[in-house]
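Topology and contacts: notes
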Amino acid sequence: MLSGGDDGVPDGIGMARLAWTRLPTADAEGAGPSTSAAAAGDELFSAAAVESLDYEVIENYAYREEQAQRSKFWVPYYVMLKWLFSLLIGVGTGLAAIFINLAVENFSGWKYTATFAIIKHSYFVGFFVYTIFNLALVFSSVYIVTNFAPAAAGSGIPEIKGYLNGVDTHGILLFRTLVGKIFGSIGSVGGGLALGKEGPLVHTGACIASLLGQGGSAEYHLSSRWVRIFESDRDRRDLVTCGCAAGVAAAFRAPVGGVLFALEEVTSWWRSHLMWRVFFTSAVVAVVVRSAMNWCNSGKCGHFGAGGFIIWDISGGQEDYSYQELFPMAIIGVIGGLLGALFNQLTLYITKWRRTYLHKKGKRVQIFEACLISLVTSTISFVLPLLRKCSPCPQLETNSGIECPHPPGTDGNFVNFYCSKDKEYNDLATIFFNTQDDAIRNLFSAKTFHEYSAQSLITFLVMFYSLAVVTFGTAVPAGQFVPGIMIGSTYGRLVGMFVVKYYKKLNIEEGTYALLGAASFLGGSMRMTVSLCVIMVEITNNLKLLPLIMLVLLVSKAVGDFFNEGLYEEQARLRGIPLLDSRPKQVMRNMNAKDACKNQKVVCLPRVSRVIDIVSVLRTNKHNGFPVVDRGQNGESLVIGLILRSHLLVLLQAKVDFQNSPFPCGPGVLNRHNFSDFVKPASSKGKSIDDIHLTEDELGLYLDLAPFLNPSPYIVPEDMSLAKVNHALLLDYTLIM
């Protein structure tokens, strides 16, 4: 047993706690019904090239020595830097969002202007130009992802959600991932794919936050040591949480929704002072985005629309609703739950097939797949409107601000696509030949009765739903917020058309039902409630619709939960990212920790271990932590702490702590390491046992682990229920089971 006076180790670190230190078995090397560190993921982690993060503070000697050496000015500096970084995260994410939106809107504007100008003379040349334009943008996106930033593919939200729940996927927060996410999103969204930029913006905000937290990028010589103060996974996680909220706030111009999204969807650990910083970051994003958009109102941003802080302002729409409308609104919720659950299942099957068979064939196949989908999407969006006849422009109110057809080269309602007369428009082209933001604004618009026919809406719903299912999972940055809104608003407007025709009330707006449909599909697919409700209110500027949005969200989520889990949970499981459910399964209440670990053997290390034994343990086990044992006064084995795999690798690589004696070391070891020596790189490229080379003489030496272990880990008794173990893990405890 470690003692304070016999071997020179200071008091408080080496005293074994008899209440918890006895091993389940008497064998120190040990087979038993336990496993070290539930933070170690074993097969799940190794399958997806992920590893656990150490949100628990390791209070070893180096940590305590560093704490003692800090001056009285350190805490104010630490707090000031946290708030400064929150400000910088907000500014950086807001500028990134403006740049992405500016590029997407301008590329789309140039594309549509050129297309409409050419089809007046030749339809086929216009189709060729339109297709090549889209293909070039999509090719640039998939080429950047496959050859420069593979971790930038997809939305990134499942990986970020895993990171904030203690699981780090390699490469998701690198500088190259940030660059790939920004420019890849411009190519994939500007190229007309059935994808959105909102999910990638969440990942973008997380990357900006992580890079600030580690002082920049050392790989590209863009780092500064004076801000390299956030050296623990816990501090970095708080910054990434701010980045996630900033991404949502920038994507939807919804600062409160961004805070609630971070709270509800991505993180499992929340504190009141973190709430203040996340709220501050989202507020900064709102100011930056609004300032930039006000500057664009003067026409300095090219095809970037006048916009506004609210994306789809329908405050002038339906003012009230009757109880008779609640039933069709509930039907919208049911449809959203069914279509959302079906979307999750189809994307799960297709993505699994794509990862198993298609993407294993190399980068060229991934590039060819994305380009093929781009060609199919361009062909569908260009050919289908020809199957619909042009309709005469309706009589619009002079104060509605809507012109039919809209002037060439601008986006909006009533698109004149290959119509023979001037005062005609093509309702299907009105959806296809607009940016996604403008198409949704058209579907949400009030005072536009009979703008769309039911046949056109059904055609678009079937085709866009199919394209969204097939496109999701390709090797490009891909979000599903805006495509989900487009799908939901389409069938929502269909239901609204039926209600208007059936009830024959003039105060019913089809755009209101389109909004409810959008909320229902997102609720049925992503299973968000509170944050999504606030986001929909913020982006539509209509607080009167709040009860109706709540109704469809509750119905759609209940229906969707009956079939499967949310989109991000399904995709995280497919990627091998182990996420703990906040509501443990019933079977977990009837099992205990011993039952869960009965097929595992505890892997322990003695306090003074031979170097060759440590190397052997690291090579033959995937655990990220190992209990360290010592002999008590009566010869029994006692657990004196937990040492992390990453710390062992640091010690093996440094070699300065090796000793010839198999006895505990003296206090001189305390001056050999700083706490920063054990910090895991934020780039996720930590040390590997294969990178460490030791000579035969070094392998025969010994290493005293006592100064480097965590002396007070959380211990799980073998009869604790798995439901309680699950709860402890959600609180970021690193456990010995």
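Treat the numbers as computed from the prediction; the structure is a model and nothing was measured. In this numbering scheme, every chain counts its residues from 1 along its sequence in written order. At least 70 in pLDDT is required for a residue's local features to be given in this predicted model, at least 80 for side-chain atom pairs to be given and counted, and no such filter applies to totals for whole chains, interfaces and linings, which use all residues. To get the side-chain values, all heavy atoms of the structure are used, and hydrogens and water are removed first.

A word on the overall build of the protein chain. For the purposes of this entry, the term helix denotes a DSSP run of H or I that reaches at least four residues, the term strand denotes a run of E that reaches at least two, and both are numbered from the N terminus. When you go through the protein chain residue by residue, the secondary structure sums to 26 helices and 13 strands. Residue exposure (1.4 Å probe, protein chains only): buried if accessible area is under 20% of the type maximum, exposed if over 50%, otherwise partly exposed. Per-residue burial over the protein chain gives 57% buried out of 737 residues. Should any heavy atoms of two residues lie within 4.5 Å, those residues are counted as being in contact. In the protein chain, the proportion of contacts linking residues at least 24 apart, taken out of those at least 6 apart, comes to 80%. Using a 1.4 Å probe, accessible areas were evaluated by the Shrake-Rupley method; residue-level cover was limited to the displayed protein chains. As presented, the protein chain carries roughly 30600 Å² of accessible surface, and 61% of it is formed by carbon and sulfur atoms.

Further remarks concern unusual backbone geometry. The backbone phi angle of Arg253 is positive, close to 55°, even though this residue is not glycine. Accessibility expressed as a relative area gives 7% for Arg253, which makes it buried. With a phi angle near 65°, Lys655 is a residue other than glycine that sits in the positive phi range. Checked against the element boundaries, Lys655 lands in the loop between helix H24 (645–654) and helix H25 (696–699).

Among soluble globular proteins, nonpolar side chains are generally buried collectively. By size, the foremost hydrophobic cluster in this structure holds 121 residues, and its most contacted members are Phe252, Phe417, Phe433, Phe444, Phe481 and Ile549. The dominant element in this core, judged by the number of residues it contributes, is helix H3 (residues 74–119), at 12 residues. Discounting chain neighbours no more than four positions away, the residues touching Phe417 are Phe116, Ile119, Tyr123, Phe382, Pro385, Leu386, Cys390, Asn426, Ala429 and Phe433. Think of a nonpolar core as a cluster: buried Ala, Val, Leu, Ile, Met, Phe, Trp, Tyr and Cys residues, connected wherever their side-chain atoms sit within 4.5 Å. With 28 residues, the next largest nonpolar core counts Val617, Val628, Leu648 and Phe658 among its residues.

Moving on: the pairing of strand E10 (residues 637–644). Counting buried residues along E10, 8 of its 8 residues qualify, which places the element largely inside the surrounding structure. A pair of strands is treated as paired once DSSP finds two or more bridges between them. Where strand E9 (residues 625–631) and E10 come together, 7 bridges link them in antiparallel fashion. Note that in E10 the partner of Val628 across the bridge is Gly641. Linking E9 back to E10 in an antiparallel pair, the connection comprises 5 residues, with Gly635 at a positive phi of about 90°.

Here the focus is helix H17 (residues 510–526). Under the convention used throughout, the expected extent of a helix is 1.5 Å for every residue step, that is, one less than its residue count. End to end, H17 covers 24 Å across 17 residues, agreeing with the expected 24 Å (1.5 Å per residue, within 8%). By the criterion of burial, H17 is predominantly enclosed, with 17 of the 17 residues buried. Positive phi shows up at Arg527, right after H17, with a value of about 65°.

Moving on, we get to the side chain of Thr177. Counting through the fold element by element, Thr177 comes out in helix H6 (residues 175–190). Owing to a relative accessible area of 1%, Thr177 belongs among the buried residues under this scheme. Other than its neighbours up to four places away in sequence, Thr177 contacts Ala149, Ala151, Ala152, Gly171, Ile172, His203 and Cys207.

With that out of the way, let us pick up the sheet that holds strand E7 (residues 605–606). The strand order E7-E9-E10 describes an open sheet built from 3 strands, whose pairing is mixed. Taken across any chain shown, the strands that pair with only one partner, and hence form the sheet edges, are E7 and E10. Note: E7 against E9, 2 bridges, orientation parallel. Following the sheet pairing, Pro606 is matched in E9 by Val629. Along the sheet, H24 makes contact with E7, E9 and E10, crossing E10 at roughly 80°. As a rule, the C-alpha atoms of each element are fitted with a line to give its axis, helices using only the stretch in contact, and angles between N-to-C directions run from 0 to 180 degrees.

Here the focus is the state of the cysteines. By convention in this document, the label disulfide applies to cysteine sulfur atom pairs within 2.5 Å. Enumeration according to the criterion identifies 2 disulfides in this entry. The residue that forms a disulfide with Cys393 is Cys404, at a sulfur-sulfur distance of 2.1 Å. Every disulfide takes its handedness from the sign of the S-S torsion; for Cys393 and Cys404 that torsion is -80°, giving left-handed. Here Cys404 lies in the loop between strand E5 (391–392) and strand E6 (424–425) and Cys393 lies in the loop between E5 and E6, a separation of 11 residues in the sequence. Comparing Cys393 with Cys404, the two get one shared label, buried. The thiol sulfur of Cys244 is not disulfide-bonded, and the nearest other cysteine sulfur, from Cys242, lies at 9.4 Å. According to the relative accessible area criterion, Cys244 is buried, its value standing at 0%.

This paragraph deals with the UniProt feature "transmembrane region" (unreviewed entry) in the protein chain. UniProt positions are given in the numbering used here, feature names are shortened, and annotations may be inferred rather than shown by experiment. Here the UniProt feature "transmembrane region" (unreviewed entry) sits at residues 80–103, 123–145, 239–262, 274–293, 326–347 and 457–475. For residues 123–145, helix accounts for 100% and strand for 0%, while the C-alpha atoms at its two ends are 33 Å apart.

In this section: the pattern of salt bridges. By convention in these notes, a salt bridge is any Lys or Arg side-chain nitrogen within 4 Å of a carboxyl oxygen on Asp or Glu. For the structure on display, the rule yields 17 salt bridges. For Glu159, the salt bridge is made with Arg575, and the minimal N-O distance between the two is 2.8 Å. One end of the pair, Glu159, is in helix H5 (residues 157–164); the other, Arg575, is in the loop between helix H20 (567–574) and helix H21 (586–589), with 416 residues separating them in the sequence. Comparing Glu159 with Arg575, the two get one shared label, buried. Here Arg354 and Glu369 are joined by a salt bridge, their closest N and O atoms 2.4 Å apart. Of the two residues, Arg354 sits in helix H11 (residues 326–358) while Glu369 sits in helix H12 (residues 363–383), which places them 15 residues apart along the sequence. Glu369 matches Arg354 in its accessibility class, with the two residues each being buried.

A word on the packing of aromatic side chains. Each aromatic pair joins two rings of Phe, Tyr and Trp (for Trp, the six-membered one) with centres within 6.5 Å, and gets the label stacked for planes under 30 degrees apart, edge-to-face for over 60, and tilted for any other angle. Enumeration according to the criterion identifies 26 aromatic pairs in this entry. With centroids separated by 5.5 Å and ring planes inclined at 65°, the aromatic side chains of Trp83 and Phe280 adopt a geometry described as edge-to-face. Of this pair, Trp83 sits in helix H3 while Phe280 sits in helix H10 (residues 272–296); the two residues are 197 residues apart in sequence, bridging distant segments of the chain. Between Phe498 and Tyr502, the ring centres sit 5.8 Å apart and the planes meet at 15°, which makes this aromatic pair stacked. Pair noted here: Phe498 and Tyr502 are both in helix H16 (residues 481–503), with a separation of 4 residues, about one helical turn.

Structurally, Asn344 can be placed in helix H11. Discounting chain neighbours no more than four positions away, the residues touching Asn344 are Gly524, Ser525, Arg527, Asn564, Glu565, Gly566 and Leu567.

This brings us to the environment of Val202. By the element assignment, Val202 lies in helix H7 (residues 198–213). Residue contacts for Val202: discarding those within four places in its chain leaves Ile157, Gly243, Cys244, Gly247, Val248 and Phe261.

Next up on the list: helix H19 (residues 546–561). Between its first and last C-alpha, H19 extends 22 Å over 16 residues, near the 22 Å set by a 1.5 Å rise per residue. Every buried residue of H19 is listed here: Leu548, Ile549, Val552, Leu553, Ser556, Val559 and Gly560. The buried residues of H19 all sit within an arc of 140° when viewed along its axis, so they share a single face. In H19, the exposed positions that point more than 90 degrees away from the buried face belong to Leu554 and Ala558. Turning to H19, the residues buried within the fold contact H11, H17 and helix H18 (530–540). Arc definition: directions from the helix axis to the C-beta atoms.

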